[in-house]
2 protein chains.
Amino acid sequence: MSARNRVVVDEREKPSGVPLLLKELGMMVDFRLLEVGDYIVPGYAVERKEVGDFLKSLYSHRIFDQAYRLREVYENPVLVVEGDVAQIINHGIKPQALWGALTTLTFDHGLKVFFTPDQTQTANLIYTLRRKKPHLLKGPVVKRTRKVEVLETTQLQLVSFLPGIGLKLADRMLTKFQTVRTVFSASAAELSTVRGVGKVTANRIVKILDTPYRPFLKRPRQLKLDENNS
Amino acid sequence: MSARNRVVVDEREKPSGVPLLLKELGMMVDFRLLEVGDYIVPGYAVERKEVGDFLKSLYSHRIFDQAYRLREVYENPVLVVEGDVAQIINHGIKPQALWGALTTLTFDHGLKVFFTPDQTQTANLIYTLRRKKPHLLKGPVVKRTRKVEVLETTQLQLVSFLPGIGLKLADRMLTKFQTVRTVFSASAAELSTVRGVGKVTANRIVKILDTPYRPFLKRPRQLKLDENNS
DNA sequence: ATAGCCGGGTGGTGA
DNA sequence: TCACCACCCGGCTAT
């Protein structure tokens, strides 16, 4: 039996029944306590979620943290959503929220998402994955999207990060001041010449700009005293 | 209605009902005779297949040719399989053949595969796709900021929004320059005095700061022509 | 993730 | 000057 037939499984996945099915398919199942991911086969890491859990982790934003960590550690992160897709819709979620989540997971996080109807098919999917060479075929299709040409968006997002400034106002400010630098050099009076920006907002912005920074990031060297624990 | 809300649809997709649903969602549908793909929305090309057709094109290997051509022409090829997945399994196909095909399409052909239960959800998916813009991820999701330390975190997040600057570097920059304003007033030379910031990063930052803004937000008055049509 | 609601800032108009 | 109002922002909630 080759190493290809091995799969490392997170212990908490035991009750799901999937590991048993994998054994029946002839794989060697190796239980561990995994920090990230549920199933590891050479080259691939699989996170399995039943539809209910998927929704939960969507509502709590947890799914995106998990996706991030998965992507950081493994080169081919896979998300398996197990159960009836239609059931997710009927659950009452706004469809646009569902598809929005799925598309950002696939396009922005580089996650490959599969839907399986039940545990048996989840096992089949993992089993099939095992025999795929992690990389093959002529051109490496996975093109790391280089971060060029997003200039305007970055400028806009930067400015719209100021308190009281959204996309609309950021656009107006940049149109008026031309560059990001001039926006961030402006005085409160100058800022409030922009339509939609009044004294209050302008002063809030200036406060952010001119208040001396008080480092609050943990430095490795420094011993940190307990400040607000009981 | 802006160009973002446009979708080019292959004429043969008309009877599927999806184009009508897209219209109801407020999109402008533009029928053409497409050589490859069924739905084109800025940046994405969608091939839609009902489960039956998917099986057929799987048996005949046609699906791989289509996937290849789709990938050749568009940067973000999407395959939508519409209908009940479980039905495919029950149809008698060997599960391994199904998952093998899907994984090959995903990993080797770089195709993004989505499963939708019906036409309505297919429409929702395409609709959601329309507004996605390639934005880059800096790291784990930004934690919700508590009201208290809002000032420092805002300063930090502002600076860390600069290209190549994460939380750690932002902290160093602010510690060195004291205020946000001075950071955003600094020259490339001054910026690169910060440890971890080199010439390249410094220049990228300066570019963001000093490049005159080209408004790209939709103005209500302005008529905008379709951007990626031939 | 997305949509919707609501409270509050902003600036313009008309009384 | 003041009061009303349309617009924009951002925070919260439900799905």
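As for the overall build of chain A
Helices and strands together make up the secondary structure of chain A, namely 11 helices and 6 strands. Split into buried and exposed, the 230 residues of chain A put 47% on the buried side. Here the contacts in chain A between residues at least 6 apart in sequence split such that 61% fall between residues at least 24 apart. Carbon and sulfur atoms provide 52% of the accessible area of chain A, an area that totals close to 12,400 Å².

Quick notes on the protein's contact with DNA strand C
Residues and elements named next belong to chain A. Neighbouring residues of DNA strand C: 18 residues in total, closest Q96, A97, V197, V200 and T201. Taking the atoms of DNA strand C that fall within 4 Å of the protein, sugar and phosphate contribute 85% of them. Taking Q96, its side chain carries an N or O atom lying 2.2 Å from a phosphate oxygen of DNA strand C. The backbone of V200 places a nitrogen or oxygen atom 3.1 Å from a phosphate oxygen of DNA strand C. Tallying contributions element by element places helix 5 (residues 95-108) first for the surface near DNA strand C, with 5 residues.

Brief notes about the interface of chain A and chain B
On the side of chain B, 81 residues touch chain A, which itself brings 76 residues to the contact. Carbon and sulfur atoms supply 66% of the area buried between chain A and chain B, which totals about 7,400 Å² over both sides. Counting across the interface, chain A meets chain B through 2 salt bridges. The salt bridge involving B:D210 is made with A:R181; its shortest N-O contact spans 2.7 Å.

Some details on unusual backbone geometry
The phi dihedral of A:Q178 is positive, around 75°, even though this residue is not glycine. You can call A:Q178 partly exposed: its relative accessible area is 40%.

A few points about the packing of helix 2 (residues 51-59) of chain B against helix 3 (residues 62-73) of chain B
Residues and elements named next belong to chain B. Direction vectors running N to C along helix 2 and helix 3 enclose 95°, while the axes themselves pass 5 Å from each other. By the angle class used here, helix 2 and helix 3 are roughly perpendicular. Two secondary-structure elements touch here, helix 2 through F54, S57 and L58 and helix 3 through R62, I63 and F64. Residues that form the contact of helix 2 with helix 3 fall into these classes: 4 nonpolar, 1 polar and 1 charged.

Here we look at the packing of aromatic side chains
Going through the model one piece at a time under the given rule, you end up with 7 aromatic pairs over all chains. Taken together, a centroid distance of 5.7 Å and an interplanar angle of 50° make the contact between A:F161 and B:F161 tilted. Of this pair, A:F161 sits in the loop between helix 7 (151-159) and helix 8 (167-177) while B:F161 is found in the loop between helix 7 (150-160) and helix 8 (167-177), placing the two residues in two different chains. Judged by its relative accessible area of 29%, A:F161 is partly exposed. Members of the aromatic cluster, connected to one another through ring pairs, are A:Y44, A:F114 and B:F107.

So, the sheet that holds strand 5 (residues 77-82) of chain A
All names here are of chain A. As summarised here, the arrangement of the 6 strands in space is 2-1-3-4-5-6, forming an open sheet in which the pairing is mixed. Only two strands of the sheet have a single partner each, and these edge strands are strand 2 (28-32) and strand 6 (112-116). With strand direction ignored, the average angle separating the axes of adjacent strands in the sheet is 25°. Of the pairings in the sheet, the one linking strand 1 (residues 6-10) to strand 2 comprises 5 bridges and is parallel in character. Of the residues in strand 2, the one forming a bridge with V8 is D30. In the packing of helix 3 (residues 62-73) onto the sheet, the strands contacted are strand 4 (44-50) and strand 5, and the crossing angle to strand 4 comes to about 165°.

Side note on the protein's contact with DNA strand D
Residue and element names in this part refer to chain A. Taken together, 13 residues lie near DNA strand D, and G92, G164, I165, K168 and L169 sit nearest. G164 is positioned with one of its backbone polar atoms (N or O) 2.9 Å from a phosphate oxygen of DNA strand D. Residue L169 places a main-chain N or O atom 2.5 Å away from a phosphate oxygen belonging to DNA strand D. Counting residues per element, the surface near DNA strand D draws most heavily on helix 8, at 4 residues. Broken down by class, the residue content of the surface near DNA strand D amounts to 7 nonpolar, 3 polar and 3 charged.

Observations concerning the layout of surface pockets
Residue and element names in this part refer to chain B. When its volume is computed, the second largest pocket comes out at roughly 370 Å³. E13, D38, E47, K49 and Q66 are, among the 19 residues lining the second largest pocket, the residues nearest its centre. Elements supplying a minimum of two residues to the lining of the second largest pocket: strand 4 (44-50) and helix 3. Counted by class, the lining of the second largest pocket contains 4 nonpolar, 3 polar and 12 charged residues.

Focus on the sheet that holds strand 2 (residues 28-32) of chain B
Residues and elements named next belong to chain B. The sheet built from 6 strands is open, its strands ordered 2-1-3-4-5-6 with mixed pairing. The sheet terminates laterally at strand 2 and strand 6 (112-116), the two strands that pair on one side only. Mean inter-strand twist for the sheet, computed between neighbouring axes without regard to direction, equals 25°. As paired strands, strand 4 and strand 5 (residues 77-82) are joined by 6 bridges and run parallel to one another. Bridge pairing links A45 to P77 in strand 5. Here helix 2 sits on the sheet in contact with strand 4 and strand 5, set at roughly 95° to strand 4. Against the sheet, helix 3 contacts strand 4 and strand 5, and its axis sits at roughly 165° relative to strand 4.

What counts, and where the lines are drawn
- Residues numbered from 1 in each chain as written.
- Chains lettered and ligands numbered in written order.
- Predicted model: local features only at pLDDT ≥ 70, side-chain atom pairs only at ≥ 80, totals over all residues.
- Heavy atoms only, no water.
- Helix = DSSP H or I, 4+ residues; strand = E, 2+ residues; numbered from the N terminus.
- Buried < 20%, exposed > 50% of the residue type's maximum accessible area, 1.4 Å probe, protein only.
- Contact = heavy atoms within 4.5 Å.
- Areas by Shrake-Rupley, 256 points an atom, 1.4 Å probe, with all protein chains shown as cover.
- Near = heavy atom within 4 Å.
- Polar contact = N/O pair within 3.5 Å; in protein donor to acceptor, adjacent residues only side chain to side chain.
- Buried area = accessible area lost by both parts, 1.4 Å probe.
- Salt bridge = Lys/Arg side-chain N within 4 Å of Asp/Glu carboxyl O.
- Axes fitted to C-alpha atoms, helices over the stretch in contact; angles between N-to-C directions.
- Parallel < 35°, antiparallel > 145°, perpendicular 65-115°, else oblique.
- Nonpolar A, V, L, I, M, F, W, Y, C, P; charged D, E, K, R; others polar.
- Phe/Tyr/Trp six-rings, centres within 6.5 Å; stacked < 30°, edge-to-face > 60°.
- Pairing = 2+ DSSP bridges.
- 1 Å grid on protein atoms, 1.4 Å probe; cavity = no way out; pocket = protein on both sides within 12 Å on 5 of 7 lines; lining within 4 Å.
- Points joined across faces, edges and corners; volume = space filled by probe spheres on them.

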